[in-house]
Amino acid sequence: ELKAKVTQEAEAQLVAGGYSLEYFIEGGRSRTGRMLAPKGGMISMTVKAYMSAPRRSVVFQPVYIGYERLIEGKSYLDELSGQPKEKETIWALMKAAIEVLREHYGKVTVNFGEPIYLDDSLAKHAPNWREERDNSEGKLPWLSTLVEDLAEQINVNINRAADVNPINLLALALLSTPKHAMDENDLIAQLELSKRILKCEPYGPRVTVTELNAKSIITYGEEMGVVCRTKHPLGDVLSMQGETAVLQSYFRNNVLHLFSAAAWISLCFQNNRRLSRNGLVHLGLNVYPFMKSELYLPWSDAEFAEQLNKTIDLFVREGILSVSS
C-alpha cells in the first residue's frame, strides 16, 4: 500500500508538470502476439493524478510497435512449452546484447494510434467530477467504469494502428495450411488476395501495409530465414518448418484482427455451400460481442454488419463467392 501511494504521488507530480509517461497497460509481454486484457492500475493512477491537480490536459497516445523477428525467440518457445520465464541478470543481458548484434532482425515499425483525451472521457462518465471529487470521501463510483473504458479504447486504438509487414502476411498464409507449406503460385495468389482485402476494406486510416508485391514478399521471407524453398519440376513449394513455424504464430496473431470480417465469412462457408446474406450477417452479429471482446475490434453492431456486407461484395468480385438468383 505504501509503495502504491508513493508511486501515485510521484505520478501526480509528473502529470502536473506536463511530463510524458510511458507504460504498458497489458502489464506484461504477450506470449501469443495477440493483445492482452489491459490492467487499469497505471491508468487509474493517471486519472487520479490529473483530478488532484488538473493544470494540464492529459492525452493517452496509443502506440503500435511491429517487429519482423523476435529477439527473445528462444525464451518465447520455452515459455510456450510451459517452462517458467528465466530471471533476468546483467550477465544474461550482456550475452543477449552480443548475440543481437550478430543477427539481422529486420525492420521495426512504430505507428501512433488515435489519441484519447481524458477530459472528453471525464465529460462522458462524470460531467460533475470536480464537485464530486471535492465532496466525496475518496470513493468515486464511476471511476472504475471510466478506467475500464479508457483501457479498452487504448487497446482498440493500438489495434487500429497496426502495421502489416511481409512476415505477418507470410505467417498468415502458410500457417493456415495443414503442413505449413504452399505451392509458390498459390502462395502468391493468397498474398495478393490478403493485400486486396486490406486495401478494399480498410480497418482504419492508421493501418499501414507493406508496399512489396507478393514475389518480393516471398524473397524477403527467404532472406530473413522465415521461409524455406523446396525445388520441384512442377513448381517450387514454400514452407515454414519446425520451431520457425511456432515462432511465426506470434506474427500471424499480430494482424488477425484486421481480417476478422473476412475470417468469419470464410468460417461460415467451411461446412455450408449456401447461406443467405441476411443469415450470414445475422450469425455474425450473434458472435460479434465475443469477437469484439477477444480481438478489441472497433465497430458497433451496425458498423460490423456494414463491414460484413462490404466483405461479401469483395468476395463476390474476387470470384470467391457467387450470388444465386
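Please refer to the structure placed before this passage.
Presented here is an overview of the structure given in this document.

Turning our eyes to something else, we now look at the pattern of salt bridges. The full count for this structure, using the stated rule, is 10 salt bridges. Close ionic contact of arginine 34 with glutamate 294 constitutes a salt bridge, the shortest N to O distance being 2.3 Å. One end of the pair, arginine 34, is in the loop between helix H1 (2-16) and helix H2 (41-52); the other, glutamate 294, is in helix H13 (residues 277-295), and 260 residues separate them in sequence. With a relative accessible area of 46%, glutamate 294 lands in the partly exposed category. Note that arginine 196 is salt-bridged to glutamate 318, the shortest N-O span being 2.7 Å. Residue arginine 196 is found in helix H9 (residues 184-200), and its partner glutamate 318 is found in helix H14 (residues 301-318); the two are separated by 122 residues along the sequence. Owing to a relative accessible area of 33%, arginine 196 belongs among the partly exposed residues under this scheme.

So, on to the packing of H2 against helix H5 (residues 118-125). Between H2 and H5, the shortest axis-to-axis distance is 12 Å and the interhelical angle comes to 90°. One element, H2, and the other, H5, form an angle in the roughly perpendicular class. Facing Val47, Tyr50 and Met51 of H2, the residues of H5 in contact are Leu118, Asp119 and Leu122. Residue classes in the contact of H2 with H5 are distributed as 5 nonpolar, no polar and 1 charged.

Under the criterion given, the structure shown has 5 aromatic pairs. Taking the centre distance of 4.2 Å and the plane angle of 15° together, the rings of tyrosine 288 and phenylalanine 304 count as stacked. Taken together, the positions of tyrosine 288 in helix H13 and phenylalanine 304 in helix H14 put the pair 16 residues apart, joining distant regions of the chain. Assigned by exposure class, tyrosine 288 and phenylalanine 304 land together as buried.

Before going further, it helps to examine the sheet that holds strand E9 (residues 237-239). Strand order across the open sheet formed by 3 strands is E6-E9-E8, with antiparallel pairing between neighbours. The open sheet has two edge strands, strand E6 (181-183) and strand E8 (228-230), and neither has a second partner. Averaged over all pairs of adjacent strands, the angle between their axes in this sheet comes to 25°, without regard to strand direction. Summarising the sheet, E8 and E9 pair through 3 bridges and their orientation is antiparallel. From the neighbouring strand, cysteine 228 faces E9, where its bridge partner is serine 239. Across the sheet, H9 is in contact with E6, E8 and E9; its angle to E6 comes to roughly 100°.

Looking now at H14. Helix length check: H14 (18 residues) gives 26 Å between terminal C-alpha atoms against 26 Å at 1.5 Å per residue, within 8%. Of the residues making up H14, those classed as buried are Phe304, Ala305, Gln307, Leu308, Thr311, Ile312, Leu314 and Phe315. Phi turns positive, to about 80°, at glycine 319, one or two residues after H14.

Below, the discussion takes up a nonpolar patch on the surface. Where nonpolar side chains cluster on the molecular surface, the patch consists of Val63, Ile65, Tyr67, Val108, Val110 and Phe112 and spans about 510 Å² of accessible area. Every element with two or more residues in the nonpolar patch is listed here: strand E2 (63-66) and strand E3 (109-112). Summarising the element assignment, valine 108 is placed in the loop between helix H4 (90-102) and E3. Assessed through its relative accessible area of 52%, valine 108 is described here as exposed.

This part covers unusual backbone geometry. At histidine 180, a position not held by glycine, the phi torsion is positive, near 55°. Mapped onto the fold, histidine 180 is located in the loop between helix H8 (166-174) and E6. Histidine 180 sits in the partly exposed class, given a relative accessible area of 26%. Even without a glycine there, the phi angle at tyrosine 296 is positive, about 55°. Here tyrosine 296 lies in the loop between H13 and H14.

Before going further, it helps to examine the nonpolar core. Residues Ile43, Trp142, Leu187, Leu191, Met240 and Leu258 are the most contacted members of the largest nonpolar core, which totals 84 residues. Looking at this core, the element that brings in the most residues is helix H7 (residues 143-159), giving 8 residues. Non-local contacts of leucine 258, meaning those with residues more than four positions away in its chain, are made with Asn159, Ala162, Val164, Leu198, Tyr203 and Val207.

Moving on to the pairing of E2. Only one face of E2 is covered, namely the face carrying Tyr64 and Gly66; the face carrying Val63 and Ile65 is uncovered. As defined by bridge partners, E2 adjoins E3 across 4 bridges and the pair is classed as antiparallel. Counterpart to glycine 66 in the pairing with E3 is threonine 109.

Turning to the side chain of serine 239, a few remarks are in order. By secondary structure assignment, the location of serine 239 is in strand E9. Of the residues examined, serine 239 reaches a relative accessible area of 6% and is grouped as buried. Reaching out from serine 239, the side chain makes a polar contact with the side chain of glutamine 241 at a distance of 3.3 Å. Once residues within four sequence positions are removed from consideration, serine 239 is found in contact with Leu174, His180, Ala181, Val226, Val227 and Cys228.

The rules behind these values
Residues numbered from 1 in each chain as written. Predicted model: local features only at pLDDT ≥ 70, side-chain atom pairs only at ≥ 80, totals over all residues. Heavy atoms only, no water. Salt bridge = Lys/Arg side-chain N within 4 Å of Asp/Glu carboxyl O. Helix = DSSP H or I, 4+ residues; strand = E, 2+ residues; numbered from the N terminus. Buried < 20%, exposed > 50% of the residue type's maximum accessible area, 1.4 Å probe, protein only. Axes fitted to C-alpha atoms, helices over the stretch in contact; angles between N-to-C directions. Parallel < 35°, antiparallel > 145°, perpendicular 65-115°, else oblique. Contact = heavy atoms within 4.5 Å. Nonpolar A, V, L, I, M, F, W, Y, C, P; charged D, E, K, R; others polar. Phe/Tyr/Trp six-rings, centres within 6.5 Å; stacked < 30°, edge-to-face > 60°. Pairing = 2+ DSSP bridges. Expected span 1.5 Å × (residues − 1). Patch = residues over 30% accessible without salt bridge, like charges linked within 9 Å, V, L, I, M, F, W, Y side chains within 5 Å. Areas by Shrake-Rupley, 256 points an atom, 1.4 Å probe, with all protein chains shown as cover. Core = buried A, V, L, I, M, F, W, Y, C linked by side-chain atoms within 4.5 Å. Polar contact = N/O pair within 3.5 Å; in protein donor to acceptor, adjacent residues only side chain to side chain.

Purely geometric numbers; function is a separate question.
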